[in-house]
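Take a look at the letters that make up each chain.
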Amino acid sequence: MECAIIVCMVEYIQGWITEELENDYLKVSVIPELGAKIAQIRDKQANYDWLWDDLTRPLRARQVTDKYDEHDMSGFDECFPNIGISSYPGNPNLLLPDHGELWSQAWSCQKSGNSILTSAIGKVLPYKFEREIILKDRALVFSYAIQNTGHESFKAFWSAHPLFHAVEGMQILLSSNPPMTKEFGFSGRMGSDGPDGYTGHLDKYKWPQTIGQSGKNHDLSQITLAKPLTDKVVISAPHDGVVTLLNPRDNCSAQFLLDPQEIPYVGICFNFNAWPSTGDKGQWLAIEPTLGATDKLDESDRISQLPTFSINRPVTFSFSITFASTL
């Protein structure tokens, strides 16, 4: 009698166990112990890895008090309950960590068929955060559920944080010209930036046109790596919810589809060999669906209507990214 031999393969990235989704079109790798970081999104038909890879900062364990730029920043992280270091609205003594607290935690993980479900428990605020990734042909569907586990409501916002390889000639395509605000700048493309990058913070524009410090017009939708720069804008989500990152060099695209009623903003962060200040500089372009109008929670509360996370009323939302060949 012959016995079938079943070999279980465990995949690792730099020694960290990964969970993977794969079909004929895409391969996706997630590291549950490192904030459920998506470490790889590979378009198999284009033979192209979409996510920027930080080669100078090895993957290592994190603590909630760590600075984000002291660790590997590559791939696709989740930010909650904030992005920028800030205080909780109305409580200046409650300081929220750099890029939120999810990236620094180990998440629980369940994989089933074409789905990876990961979850984490809040430490700064009381909540359970769940993210499910479903692989459907050329698309990844991201579904989120955030449950308040405390005894009173709180305010917070979420942002996706995928860092895509920045490639010369990339284009960011939107169906309209939504309102846009300057978050920060070190490029002179949105007026004067000042020594800390926040001069002109929240200045208003219409995507994709800005006026630089020199008076020159700039089109943020056209990507050039001619000089080092880093800056960020936040746009109101387009009415049709479609944002496309086109890569003509490698004949492929990544198209976001979201519901503007659920996800009202999209942050766009440009970093072309300019940051961080230590180690090799990154070269990425981030498309960040978000519930917050700016990076800081207390400031977002002042300028917009933040989500309220009530007891026994989970907040749910979703979006998708479709990866396609442009040939």
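Right above here is the structure, for reference.
The rules behind these values
Residues numbered from 1 in each chain as written. Predicted model: local features only at pLDDT ≥ 70, side-chain atom pairs only at ≥ 80, totals over all residues. Heavy atoms only, no water. Helix = DSSP H or I, 4+ residues; strand = E, 2+ residues; numbered from the N terminus. Rg over C-alpha atoms; globule rule 2.2 N^0.38 Å. Buried < 20%, exposed > 50% of the residue type's maximum accessible area, 1.4 Å probe, protein only. Contact = heavy atoms within 4.5 Å. Areas by Shrake-Rupley, 256 points an atom, 1.4 Å probe, with all protein chains shown as cover. Lys, Arg positive; Asp, Glu negative; His and termini not counted. Charge placed at Lys NZ, Arg CZ, Asp CG, Glu CD. Core = buried A, V, L, I, M, F, W, Y, C linked by side-chain atoms within 4.5 Å. Phe/Tyr/Trp six-rings, centres within 6.5 Å; stacked < 30°, edge-to-face > 60°. Pairing = 2+ DSSP bridges. Salt bridge = Lys/Arg side-chain N within 4 Å of Asp/Glu carboxyl O. Axes fitted to C-alpha atoms, helices over the stretch in contact; angles between N-to-C directions.

Colleague: Residues and numbers for the overall build of the protein chain, please.
Modeller: A tally of helices and strands in the protein chain yields one helix and 26 strands. Relative to the 2.2 N^0.38 estimate, which gives 20 Å for 327 residues, the radius of gyration of the protein chain is 20 Å and therefore close to what a compact globule would have. Once the C-alpha set of the protein chain is aligned to its principal axes, its extents read approximately 80 × 55 × 40 Å. Split into buried and exposed, the 327 residues of the protein chain put 54% on the buried side. Within the protein chain, contacts between residues at least 6 apart in sequence are counted, and of these 63% link residues at least 24 apart. A total of about 14700 Å² of accessible surface is found on the protein chain, and carbon and sulfur atoms cover 50% of it. Averaged over its 27 positive side-chain charges, the protein chain has a centre that lies 3 Å from the centre of its 40 negative ones.

Colleague: Lay out the nonpolar core with the relevant residues and their values.
Modeller: Core analysis: the biggest nonpolar cluster contains 72 residues, and Phe80, Trp158, Ile172, Ile268, Phe270 and Phe319 have the highest contact counts within it. For this core, the element with the most residues is strand β26 (residues 315–325), which contributes five residues. Residue contacts for Phe319: discarding those within four places in its chain leaves Phe76, Leu140, Val141, Phe142, Tyr144, Trp158, Ala160, Phe256, Leu257, Leu258, Ile263 and Pro289. The next biggest cluster of nonpolar side chains, apart from the first, holds nine residues, and it includes Tyr68, Phe184, Cys269 and Trp284.

Colleague: Lay out the packing of aromatic side chains in plain terms, naming residues and giving numbers.
Modeller: This structure, assessed with the given rule, holds 24 aromatic pairs. Summarising the aromatic geometry, the rings of Trp50 and Phe323 are spaced 5.8 Å apart at their centres and angled 55° between planes, so their arrangement reads as tilted. Of this pair, Trp50 sits in the loop between β5 (48–49) and β6 (76–79) while Phe323 is found in strand β26, placing the two residues 273 residues apart along the sequence. A ring pair is formed by Trp275 and Trp284, whose centres lie 6.1 Å apart and whose planes are at 85°; its orientation type is edge-to-face. Residue classification places Trp275 among the partly exposed residues on the basis of a relative accessible area of 29%.

Colleague: Tell me about the pairing of strand β21 (residues 242–247), and please be specific about residues and values.
Modeller: Of all six residues that make up β21, six are buried, and the element is covered over most of its length. Here β21 shows two buried faces, one formed by Val242, Thr244 and Leu246 and the other by Val243, Leu245 and Asn247. With four bridges joining them, strand β15 (residues 171–174) and β21 adopt antiparallel strand pairing. Across the sheet, the residue bridging to Gln171 is Leu246, located in β21. Note: β21 against strand β22 (residues 252–258), six bridges, orientation antiparallel. Paired with Asn247 across the bridge in β22 is Cys252.

Colleague: Pulling in residues and values, what's your account of the side chain of Asp98?
Modeller: Inspection of the secondary structure assignment puts Asp98 in the loop between β8 (91–96) and β9 (108–112). The charged side chain of Asp98 is buried without a salt bridge, its nearest counter-charge being Lys67 at 7.8 Å. Those residues in contact with Asp98 that lie beyond four places of it in its chain are Lys67, Tyr68, Asp69, Ile83, Ile85 and Trp103.

Colleague: Please set out the sheet that holds strand β11 (residues 127–136) residue by residue, giving values where relevant.
Modeller: Picture the strands of a sheet paired through backbone hydrogen bonds; they go either parallel or antiparallel. In spatial order, the strands read β9-β10-β11-β12-β26-β22-β21-β15; together these eight strands make up an open sheet with antiparallel pairing. Pairing within the sheet leaves two strands with one partner each, and these edge strands are β9 and β15. Direction aside, neighbouring strands of the sheet carry axes that sit 15° apart on average. Pairing between β11 and strand β12 (residues 139–148): 10 bridges, direction antiparallel. Residue pairing in the sheet places Phe129 in a bridge with Ile146 of β12.

Colleague: Kindly report on unusual backbone geometry, identifying the contributing residues and their values.
Modeller: Peptide bonds are trans in most cases, and residues, glycine excluded, mostly fall at negative phi. The step from Trp207 to Pro208 runs through a cis peptide bond, and the omega angle for that step is 0°. Residue position: Pro208 is located in the loop between β17 (204–206) and β18 (209–211). Between Trp275 and the following residue, Pro276, the backbone shows a cis peptide bond with an omega angle of 5°. Along the chain, Pro276 turns up in the loop between β23 (265–272) and β24 (283–290). In this model, Asn273 sits at a positive phi of 60°, which is unusual for a non-glycine residue.

Colleague: Lay out the environment of Ser236 with the relevant residues and their values.
Modeller: Within the secondary structure layout, Ser236 lies in strand β20 (residues 229–236). A relative accessible area of 26% means that Ser236 is categorised as partly exposed. When the C-alpha atoms of Ser236 and Ile311 are compared, they prove to be 28 Å apart, with 75 residues separating the residues in sequence. Setting aside residues up to four positions removed in sequence, Ser236 forms contacts with Pro178, Pro179, Pro264 and Tyr265.

Colleague: Describe the pattern of salt bridges, and please don't skip the residues or the numbers.
Modeller: Oppositely charged side chains are able to pair whenever their charged atoms sit close together. Tallying each qualifying case throughout the model produces 14 salt bridges. As a salt-bridge pair, Glu20 and Lys27 come within 3.9 Å of each other at their nearest N and O atoms. Overall, Glu20 belongs to the buried group, its relative accessible area being 16%. In this structure, Lys232 engages Asp295 in a salt bridge whose closest nitrogen and oxygen atoms are separated by 2.6 Å. On the criterion of sequence distance, the pair formed by Lys232 in strand β20 and Asp295 in the loop between β24 and α1 (297–303) is long-range, its members being 63 residues apart. One exposure class covers both Lys232 and Asp295, and it is buried.

Just geometry here; none of it tells us what the structure is for.
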